[in-house]
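The chain contents come next:
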Amino acid sequence: MHVLSVSQFHNETIQTLFALATKYKKLDQTTAGRKKLHSLHTGNQLCSLFYEPSTRTRISFEQAALKLGMGVVSTENAAEFSSASKGETLEDTMRVLNGYNFDAVIVRHPETGATDRAAAVSTTPIINAGDGKGEHPTQALLDLYTIYEKHGTLEGLTVVLGGDLKHGRTVRSLVRLLARYKGNRFVFVSTSELQIGVDIKQELAHVGCTYTETEDMKQAFKNADVVYWTRLQKERLETKLTSSKEFILNKQTIAYLPKKAVIMHPLPRVSEIHTEIDSDPRAYYFKQASNGLYVRMALLHTVLSSR
Ligand code: ASP
């Protein structure tokens, strides 16, 4: 019932979800299609409960719900404007929402595992919209959809992930998903302080996926099918970094990338992708973000239909 981690999804479920997202994307292009979409979930209601800032996840989920004909109740700064600021626990907030009879509750929270805690007491489906340094399953689904859209396959890909791999939850969820498909290879680009978690490396070793770690972008970009870049998660740093080395995608560094590569980023970008490459045909991050709307519509429909 709840959507908490990418590990819940079978590959067949993902394919069904993607087919639905593609159908919704098409329907959304015409007035008749939009009317049809709007009739799908009239009378259902979504609550979005965000204890951390968000642009894409919250707005695309709410837009997804509205496009499906749902009603939306939203608190975009629950840390400050909900009773959390008076000391109410997340569990109690969920117990209260149980009584308001929503059809789904989208939760983002700065603590890893908070969405699991919410789900443990919720009688309404919870969708994890990012829990601290844990997971961001819906972002990973839209990332995977985008890779599938660009390459027509999810197997045999060389995927280069760079930036703050230690604190970035989107990277963790995406690697977990991609590791389930045959023949994918990972190249992690970061400083030693910001390497991807040992738990993820162990999972990769367990399923027999090859990965390398490097600080050399030129070397990493050779044969890349996907380049997935991330910002430094300043809000999650426990200690000051000793290295100030940055990995920046600009005209000079993407010159090492093959033509077939797709450049992705969960956004927001800060300084790690220069705007000078936005017009490069391989730059796909804004289209990737727009795919989020349709993947989240498909997910909402699936969650609501399974109740
Ligand atoms: N928007 C993504 C997240 O919420 C990525 C980021 O914030 O850097 O995790």
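See the structure shown above.
The paragraphs below set out a description of the structure included in this document.

Definitions and cut-offs
- Residues numbered from 1 in each chain as written.
- Predicted model: local features only at pLDDT ≥ 70, side-chain atom pairs only at ≥ 80, totals over all residues.
- Heavy atoms only, no water.
- Core = buried A, V, L, I, M, F, W, Y, C linked by side-chain atoms within 4.5 Å.
- Buried < 20%, exposed > 50% of the residue type's maximum accessible area, 1.4 Å probe, protein only.
- Helix = DSSP H or I, 4+ residues; strand = E, 2+ residues; numbered from the N terminus.
- Contact = heavy atoms within 4.5 Å.
- Near = heavy atom within 4 Å.
- Polar contact = N/O pair within 3.5 Å; in protein donor to acceptor, adjacent residues only side chain to side chain.
- Areas by Shrake-Rupley, 256 points an atom, 1.4 Å probe, with all protein chains shown as cover.
- Nonpolar A, V, L, I, M, F, W, Y, C, P; charged D, E, K, R; others polar.
- Pairing = 2+ DSSP bridges.
- Axes fitted to C-alpha atoms, helices over the stretch in contact; angles between N-to-C directions.

### With respect to the nonpolar core
Consideration 1: Grouped together as the largest cluster of nonpolar side chains are 60 residues, with contacts concentrated most on Tyr24, Leu144, Leu161, Val175, Phe186, Leu299 and Leu300.
Consideration 2: Sort the elements by how many residues they give to this core and helix 12 (residues 285-305) lands first, with nine residues.
Consideration 3: Every residue in contact with leucine 299, bar those within four places of it in the chain, is listed here: Val3, Phe9, Leu17, Phe61, Ile127, Thr138 and Leu141.
Consideration 4: Val189, Ala224, Val227 and Phe247 belong to the second-largest nonpolar core, a separate cluster that totals 20 residues.

### A word on the site of the ligand
Consideration 1: Around the ligand lies a shell formed by Arg108, His136, Arg169, Thr170, Arg231, Gln233, Pro266, Leu267 and Pro268.
Consideration 2: In this structure, glutamine 233 approaches the ligand through a side-chain N or O atom, which is 2.8 Å from an oxygen atom.
Consideration 3: When the ligand is considered free in solution it has 270 Å² of accessible area, and contact with the protein chains removes 92% of it.
Consideration 4: Looking at the shell around the ligand residue by residue, the classes come out as three nonpolar, three polar and three charged.

### Some words on the sheet that holds strand 5 (residues 158-162)
Consideration 1: The strand order 7-6-5-8-9 describes an open sheet built from five strands, whose pairing is parallel. With partners counted over all chains shown, the strands left at the sheet margins are strand 7 (210-214) and strand 9 (262-264), one partner each. Neighbour-to-neighbour, the strand axes of the sheet open up by a mean angle of 15°, direction not taken into account.
Consideration 2: Note that strand 5 and strand 6 (residues 185-189) share five bridges and pair parallel. The partner of valine 159 across the bridge, within strand 6, is phenylalanine 186.
Consideration 3: Relative to the sheet, helix 8 (residues 169-178) contacts strand 5, strand 6 and strand 8 (226-229), its axis offset from that of strand 5 by approximately 165°.

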